[in-house]
Each structure stands twice: as structure tokens, then as C-alpha cells.
Amino acid sequence: MGGAKLESQAAPNQPATKERIISYAEAGVEAIREEMRRDSSIMYMGQGIGARGGNFQQSRGLWAEFGGERVRDTPIAERGQTGLGIGAALAGSHPIVDIVFLDFVLEAIAEIIQQASTIHYISDGRFKVPVVVRAAGGGVRSTGPHHSHTFYSFFMHIPGLKVALPSTPFDVKGLLKSTLRDPNPVIFIEHKGLYGSKGHVPEEEYLIPFGQAIVRRPGTDVTLVAMSAMVTKAMQAAAQLEKEGISVEVIDPRTLAPFDKETILTSVAKTGRLAIVDEAYASCGVSAEIAAIVSAEALYELDAPVLRICTLPTPHAFSPSLDTYLIPSVDRITSEVAALAGKQL
């Protein structure tokens, strides 16, 4: 781990020294800058990530420091840039391939699933593919059906891929640094709506291990698992429910592969109720997988059926009012979790 401090279990979001408040986007830039200075094999490629600094300023300043050899703008050709990244990884580089909008990762899905995830296995471990596919998902400002998706469950399904889903600036930096030290292909998915959010990020180096969920808020009545931008909404709903006498424990998985089921199972054993809020669709998604795990391994701990609160199964809309209705809201989470706990608001 190169001497970096591992995240504290006691207070993972409150490092003891030198706390700063920076944005989610800045945290990602810091992580990449520090790792590129540390490791000359890291290169960054993507659409508009060079001098312009990216659509979301997620690469701001990197081109100026590292130049066009290591920070390369690419054409709008997601499959081509991903294939190039996989080839570069096999040749000894550690590339970051920025797809920018997660929706268009579908253009590169054959390269990711048929190549990046399998080469280590079919080569009997002789080859590694340390490629990072970075992209931003989620519905923001009613961007319609082509720029609003959350496809992370696709990659959780595939052996050989790791999947990160940070919800805070602290997690962006710690997980991205761990990603850039991992010899495996990693799908690193941020949320467009979180890039401007701010939080504590320490100045000293730290890493967040994959497969380690975090309890964002302790509680005793309901376990609420939330991911990415839904973590903020879950926390707001939990605060409202506390006023109604309902204690909600909020858990953020942070990585989907590997997945920390033990933290969730331990919480369910305490609360007896499980709700999952996910911006993706319910069918065949992460919420379904979590429900299946708990049903298989903690069925007799449950006092009520598992509740899933997901985006309604309709393509995202350009209409702000309709798109707001489709995506889980704080009010919807609050009312449905209250009903799960046996209370009508």
C-alpha cells in the first residue's frame, strides 16, 4: 500500500488531523494527480479531459501538469478508447479511460466484459489488465433517457471486474487511490449530481479498501442501504424519521464488487427490517441482489418483507416534474420506510 494510511474503522469520515473541505470533483483530481506523480505508468485518456478539464472539471489541471503524452483527449469513440486502454494495460501502463457519461459505456461493453474481465483468467494469471473505466451516471437536471442512467449493476454481475461507487469526496479520493494501485480492471462510477458537493478530505495520504461498507448513521429500527447520490437522500429521510420516533441505520456499500454483505447482515440482525434505496431500476439490479442475500442468509432475522425504493421502470424524462417523480425522493423514502416500520406519516 506504499505506506499510505488505511481508513480508520472507528471514524472513517473524520480523519484526526488536517481536515479540509473540498468538492467531490476536486477530490478525484487530487487522487489522480498524486497517483500520477507517484507512478509514471498511469496515463489518462478521455473525451475533453485534456486542456478543457472535462465536462465536470473532473480532470482540471492535469493536462497542464502532465502534458499531452500522459493526459490525452480522444475522439468520441468509447469502444475505441476502451480497447486502447486495455491494450495499454497489457503493455505495462495503468490507464484511466474516462467515458464521461456512464450511458455511453454501453458502446464499450464488449471490450470491458469480453476482454478486460477475462484476460487474467484465460491467460492462467500470466497477464493482468489494470485499466480503470471512469464514468459519471445518474439523473441530474432532467437530461433525458440518454444521459441519466445508472448501469452499475451490469458490472457487478461480471466476474473479474471491481466496481466502486463513491458517495462523498472522502470516498472518491480514497477509493480512486486504491483503484490506481489495483492490478485488476475497475469500473469507477461517480454521480454527476455530486461533483459540486463538498466534504472533509484530509491532506495526508489515505486509502479506502474495496469491499468495506460504512455505517453512515447508526439506528435500531430499520436498516436502510443506499448508494451514490441516494446516500444523501437516505440521510435526510433518516433525520426526518427520527423526529417520528423511528431510528434508521444508513449503510453505504461504497463498492459493489467486492461487496460487503457482512455489515448489512449484522445491521439486519439488529433492526429486523431492511429497506434499499437505489437510483437504478429495481428489476435485476443491486437492490435485488441485496434482497436475495438477506433473504438467503438472514431470513429469520426479518420482521417484515424487504422494501426496495428504486427509480420507476420508465425511461428518464426531459420534463423536470416527471423526472423528479421517477427518481426516489426524500419524501418517498421517508413515507415508505415509515410504513415498513409500521407507522403512517
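Whatever comes next refers back to the structure up there.
Residues numbered from 1 in each chain as written. Predicted model: local features only at pLDDT ≥ 70, side-chain atom pairs only at ≥ 80, totals over all residues. Heavy atoms only, no water.

A. Just the packing of aromatic side chains, in detail. Under the defined criterion, the tally for this structure stands at five aromatic pairs. Between Phe 56 and Phe 101, the aromatic rings sit 5.5 Å apart at their centres with planes inclined by 75 degrees, giving edge-to-face as the arrangement. Placement of Phe 56 in the loop between strand E3 (42-46) and helix H2 (62-70) and of Phe 101 in strand E5 (residues 94-101) is noted, with a sequence separation of 45 residues between them. In this pair, the class of Phe 56 matches that of Phe 101, namely buried. Seen from their ring centres, Phe 56 and Tyr 195 are 5.1 Å apart, and the 15 degrees between their planes marks the pair as stacked. With Phe 56 in the loop between E3 and H2 and Tyr 195 in the loop between strand E8 (186-191) and strand E9 (198-200), this residue pair connects regions lying 139 residues apart in the sequence. The ring of Phe 210 has Lys 162 lying over it, and the distance from NZ or CZ to the ring centre is 5.7 Å. (Phe/Tyr/Trp six-rings, centres within 6.5 Å; stacked < 30°, edge-to-face > 60°. Helix = DSSP H or I, 4+ residues; strand = E, 2+ residues; numbered from the N terminus. Buried < 20%, exposed > 50% of the residue type's maximum accessible area, 1.4 Å probe, protein only. Lys NZ or Arg CZ within 6 Å of the ring centre and 35° of its normal.)

B. Spotlight on the sheet that holds strand E6 (residues 132-137). Spatial strand order, E4-E3-E5-E6-E8-E7-E14: seven strands in an open sheet with mixed pairing. Two strands lie at the open edges of the sheet, namely strand E4 (71-73) and strand E14 (255-257), each paired on one side alone. On average, adjacent strands in this sheet sit at an angle of 20 degrees to one another, irrespective of strand direction. As defined by bridge partners, E3 adjoins E5 across five bridges and the pair is classed as parallel. Bridge assignment links Met 45 to a residue of E5, and that residue is Val 97. Its contacts with the sheet put helix H7 (residues 169-179) on E5, E6, E8 and E14, and the angle it makes with E8 is roughly 160 degrees. (Pairing = 2+ DSSP bridges. Axes fitted to C-alpha atoms, helices over the stretch in contact; angles between N-to-C directions. Contact = heavy atoms within 4.5 Å.)

C. Just the packing of helix H8 (residues 230-243) against helix H12 (residues 330-340), in detail. Relative orientation of the contacting elements H8 and H12 amounts to 50 degrees, with a least axis distance of 9 Å. Here H8 is positioned oblique relative to H12, judged by the angle of their axes. As for how H8 packs across H12, the hand of that crossing is right-handed. Judged by residue contacts, Lys 233, Ala 234, Gln 236, Ala 237, Gln 240 and Leu 241 of H8 engage Val 330, Asp 331, Ile 333, Thr 334, Val 337 and Ala 338 from H12. Counted by class, the contact of H8 with H12 contains seven nonpolar, three polar and two charged residues. (Parallel < 35°, antiparallel > 145°, perpendicular 65-115°, else oblique. Left-handed = near helix turned anticlockwise from the far one by under 90°. Nonpolar A, V, L, I, M, F, W, Y, C, P; charged D, E, K, R; others polar.)

D. Summary view of H2. Buried residues of H2: Leu 62, Phe 66 and Arg 70, and no others. Along the axis of H2, the buried residues cluster in a sector spanning 60 degrees; they form a single face. Looking at the buried positions of H2, the neighbouring elements they touch are helix H1 (24-38), E3 and E4. (Arc of directions from axis to C-beta.)

E. Geometry of the state of the cysteines. Applying the stated criterion across every chain yields a total of zero disulfides. With no disulfide of its own, Cys 284 has Cys 310 as its nearest cysteine by sulfur position, at a separation of 12 Å. Given the relative accessible area of 3%, Cys 310 is considered buried. (Disulfide = S-S within 2.5 Å.)

F. Representation of the sheet that holds strand E12 (residues 222-226) within the structure. Across the sheet, which stays open at both edges, the five strands sit in the order E11-E13-E12-E15-E16 with mixed pairing between neighbours. Pairing within the sheet leaves two strands with one partner each, and these edge strands are strand E11 (214-217) and strand E16 (307-311). Ignoring strand direction, the axes of neighbouring strands in this sheet form an average angle of 25 degrees. Where strand E15 (residues 274-281) and E16 come together, five bridges link them in parallel fashion. Residue pairing in the sheet places Tyr 281 in a bridge with Thr 311 of E16. Relative to the sheet, H12 contacts E12, strand E13 (248-252), E15 and E16, its axis offset from that of E16 by approximately 165 degrees.

Read these as geometric descriptors, not functional statements.
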